Amino acid sequence: MKKICFLILLSLAFSSARAYHIAGGDLSTRYLGPNTFEVTLTLYRDCSNPIGAQFDPDITLGIFGRYDNTLIDTVHMNLTSSNPLNYSGPGCISPPSVCMEIGKYIDTVNLPNLDGGYYMVWERCCRNSTIINLTFPDQAGMTFYCSIPNPAINNSSPVFTSAPLPYVCANAFFRLPFSATDSDGDSLVYQFVSPYDGGHTSATSPNPFSPSGADQFPEPLPYSNTNWQPPYSLANICGNTQPLVINSETGLAEGATDNVGIYAMAVSVWEYRNGVFIGEVRREIEITAIECSGNASPALSPNVSDKDYEIYTGDSLCFNINASDANGDSLFLNYYGEVFQNTALTTIQAPYAISYDTLGQGSINTTFCWYTSCDQARDSAYHVTYEISDNGCPIPLTSIGKFRILVKPSPIVAKPNLLCMQTLSDSSIRIYLGEDPTIMPRYFRYFTLYRSVNGGAYQAINTFSDPNNVVFDDSTAQQNNVNDYCYYITGTNSCGIEGPASDTLCSVTIEKKIVDIISVSVSDHDRITIKWKDFPDGVFSTYHLMRKKNEAGSIYEEFATLTNYSKMEYTDDEVYTNESSYCYKIYITDYCKNDQPESEEQCSILLTGSSSPFEHNLKWNNYINWKQNVNSYTIERAAINEGEQLSDKYVNLGSDTLRTDNDLPLNDGIFGYRIRAKENGGGNDGESYSNIIELTQNPILYAPNAFSPNGDNDNETWGVERAFVKDYSIDLYNRWGQLIFQSTNTLDRWDGTYKGTEVPQGVYFYKMRFTGYNDRKVFEKLGSITVVR
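Residues numbered from 1 in each chain as written. Predicted model: local features only at pLDDT ≥ 70, side-chain atom pairs only at ≥ 80, totals over all residues. Heavy atoms only, no water.

Our focus in this paragraph is the pairing of strand β7 (residues 142-148). Most of β7 is tucked away: seven of the seven residues are buried. The alternating pattern of β7 places Met 142, Phe 144, Cys 146 and Ile 148 and Thr 143, Tyr 145 and Ser 147 on opposite faces, both of which are buried. The pairing of strand β6 (residues 118-124) with β7 spans seven bridges and is classified as antiparallel. Counted as the bridge partner of Val 121 is Tyr 145 from β7. The sheet contact formed by β7 and strand β16 (residues 276-290) spans two bridges and is antiparallel. Across the sheet, Cys 146 pairs through a bridge with Val 281, a residue of β16. (Buried < 20%, exposed > 50% of the residue type's maximum accessible area, 1.4 Å probe, protein only. Helix = DSSP H or I, 4+ residues; strand = E, 2+ residues; numbered from the N terminus. Pairing = 2+ DSSP bridges.)

The next point concerns the pattern of salt bridges. Scanning the entire structure with this criterion turns up 29 salt bridges. Between Asp 56 and Arg 124 there is a salt bridge, and its shortest N-O distance comes to 2.9 Å. With Asp 56 in the loop between β2 (36-46) and β3 (58-65) and Arg 124 in strand β6, the pair connects residues that are 68 residues apart, well separated along the chain. Its relative accessible area of 2% is what places Asp 56 among the buried residues. With a closest N to O distance of 2.7 Å, Arg 175 and Glu 254 form a salt bridge. Linking Arg 175 in strand β10 (residues 174-177) with Glu 254 in strand β14 (residues 252-256), this pair joins segments that are 79 residues apart in sequence. Each member of the pair, Arg 175 as well as Glu 254, carries the same accessibility label: buried. (Salt bridge = Lys/Arg side-chain N within 4 Å of Asp/Glu carboxyl O.)

The next subject is the sheet that holds strand β40 (residues 607-612). If you trace the three strands from one edge of the open sheet to the other, you get β40-β41-β44, paired in antiparallel fashion. Of all strands in the sheet, those bounded by a partner on one side alone are β40 and β44 (658-661). Taking the axes of each pair of neighbouring strands and ignoring which way they run, one obtains an average angle of 20° across the sheet. (Axes fitted to C-alpha atoms, helices over the stretch in contact; angles between N-to-C directions.)

Burial of β16 is extensive: twelve of the 15 residues sit out of reach of the surface. For strand β9 (residues 167-169) and β16, the ladder comprises three bridges, and the chain directions are parallel. In the sheet register, Val 168 faces β16, and the bridge partner there is Ala 289.

Along the chain, the position of Ser 604 falls in the loop between β39 (602-603) and β40. What makes Ser 604 buried here is its relative accessible area of 1%. In this structure Ser 604 touches Val 520, Val 522, Ile 528, Ser 580, Ser 581, Tyr 582 and Asn 621, once residues within four positions along its chain are discounted. (Contact = heavy atoms within 4.5 Å.)

Further remarks concern the nonpolar core. Buried together is how nonpolar side chains tend to be arranged in soluble globular proteins. Leu 61, Met 120, Phe 178, Phe 192, Leu 244 and Met 265 are the most contacted members of the largest nonpolar core, which has 55 residues in total. A per-element tally of this core places strand β15 (residues 261-273) first, with six residues. In this view, Leu 244 contacts Phe 174, Leu 176, Phe 192, Ile 237, Cys 238, Ala 253, Glu 254, Gly 255 and Met 265; residues no more than four positions away in its chain are not counted. Ile 605, Leu 607, Tyr 623 and Ala 639 belong to the second-largest nonpolar core, a separate cluster that totals 39 residues. (Core = buried A, V, L, I, M, F, W, Y, C linked by side-chain atoms within 4.5 Å.)

Together, Val 189, Trp 270 and Phe 277 give the surface a local cluster of nonpolar side chains, amounting to about 220 Å² of exposed area. Tracing the sequence through the fold places Phe 277 in strand β16. (Patch = residues over 30% accessible without salt bridge, like charges linked within 9 Å, V, L, I, M, F, W, Y side chains within 5 Å. Areas by Shrake-Rupley, 256 points an atom, 1.4 Å probe, with all protein chains shown as cover.)

With that out of the way, let us pick up unusual backbone geometry. That bond from Leu 221 to Pro 222 is cis: its omega, 0°, falls within 30 degrees of zero. With respect to the secondary-structure elements, Pro 222 resides in the loop between β12 (187-193) and β13 (242-246). The residue after Pro 230, namely Pro 231, is reached through a cis peptide bond having omega 10°. Following the sequence through the fold, Pro 231 ends up in the loop between β12 and β13. Of note in this structure, Asn 274 is not a glycine but carries a positive phi near 55°. Relative to the helices and strands, Asn 274 is located in the loop between β15 and β16.

As a further point, take the sheet that holds strand β37 (residues 569-572). Spatial strand order, β33-β34-β37: three strands in an open sheet with antiparallel pairing. With partners counted over all chains shown, the strands left at the sheet margins are β33 (517-524) and β37, one partner each. On average, each strand axis in the sheet is tilted by 20° relative to the strand beside it, whichever way the strands run. Taken together, the four bridges between strand β34 (residues 527-532) and β37 define a ladder with antiparallel strand orientation.

The following block contains the structure:
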């Protein structure tokens, strides 16, 4: 029994010694000569536990064919070096809770040429049990992997240039350098990837040797990923405060952790030659986020912290930048971005932005200033970064300020509004321009006046640098009553870009300015609204609105004069829309006091109607002078007593202006009607409504003169049929004047009984009283019925 206990204790001790915590590592290859490569496995070990075992003295590497996952070879590699890593700041001592060592395994392999190349892999268990962004980390190992192309192309893999940082300050900005070099000059692309899983507790030491001494080699692709512990993920490796991101071109990762703890991550570096993928190396690493209570991050002024600025070309953007440190540490401020001169990021030509690196203690400041030029406009923003670092312990801290500058092209001068022209003399013409409040003087250079004579080519004859100038004189327009002088104007902005041309005005072939009426429509009882198209000169002109009744012998009279009027509609409330249709015309007096021609006539729709039993006859006048004529008429109807709103009843009636409505609901008696006209496509999308009329139906009651309540299920009850009846009552008497049935509901029916007893066969008399919906008149109807048994 003592021997068995001893063996168990020995086994436990051996297992404990083998299960150290690997913090990360990577595989790389270096081309030595034809088909010969130096393979290096670099491992990082968490040595914070003093009883943890050292690096394995040797490991076994598996080499597979990349196309078919066939095991090609195994390589036994010895530990060639092992050294501690020191990452404390200047004059600082590393935190006692952080310890990391680096170990290297180096050997030489010979690989024959193989289409598709190879990949190498080594697995090891186990990860640190206190990793907080993976599930069950102590049950997940690591898989170290790299792939290489066909040895025939003589390639060395990328090599990471620096050891990883073993610790950072929690809740503070940090950088992780994952940059690599490639001796062949190949292009490298960096990205975060999910860590591969490795040996599990079911095979605690899959590689190197098992306790029994038999080699156990890694499995080929595909490899499983480790599982992220929610809320962590590949997009949220260390937390949401400042998510960890990596620059795909440089391999520099930036971010911050949300909490104290150990975080696992992996970076893949893809190698491209002439745009073709040829290989990959991966680095897996754990970082420890510690509480740096002795040091606080320095602060930058808010004007450079995630700010967006928007300016136009020719503008300047200048401001002061302040930085401070609550601990009074020394501060080092520097900057970079594409707007500065002679940097790796510079993308522009002069003028460049100006700023200054600076240093100091406790508090420092600098300036940023950029005077932009016309060729520096673009659709995307320029990016600028300021960094402030201290020299605090246990490690220096850095804060980042990033801002973006969108430089937009100087605004184009809008199309000038050429109002009118006046002949001052036989040789002088004056042109008037409408004021444009949208012009910003600092982005304006000049107006250019162009002239053509008798249909010849237009030539620039003058420029005017005052954006508020609205009068232009041409004193060289000789014999302008005979020669046809035509003009237009353009505006040029501060960058020399000429805007769109105005309309053209000519001294002889003057273009007439005619108001284009869109619609004339009844908008309410005794109100008609006239709408017209946008008229650029309108606010500078005087509108003259004319009206007449749409009937023979009526003449137009001006009823409204509008000056400085910017609306494109006017409502006339001096009309009687249920009595007449009204026609309208508009003309303007322009800025130069010239009367322009009248518009086309358009008239409102007058709807009339009449009633006959169970139907209504509707009639309206045709809508005239739409550019594209009437597409169709629609009749809208509403049952007034039911509280209905007008809705389409008869649609797409074409050009008909007569209609009979014989589909009337019988439970109402007053009906509202309105006509809606719609213009054909290609015009102004005009729409016009008529007046609303109400038509009524007289109430109707019908009572049968006999029924036979004899149990044969035929004609067993008696009642009335009604149409358009509002209120109703009936009293039914026998021949002796005794009231035997009474009701106020037209749906009630008499079954030929009185107090539950059948009445005898014979004649009975009734008196009905009822009303309709159109007035308060009460109708009375007397009659008799015969009960047949």
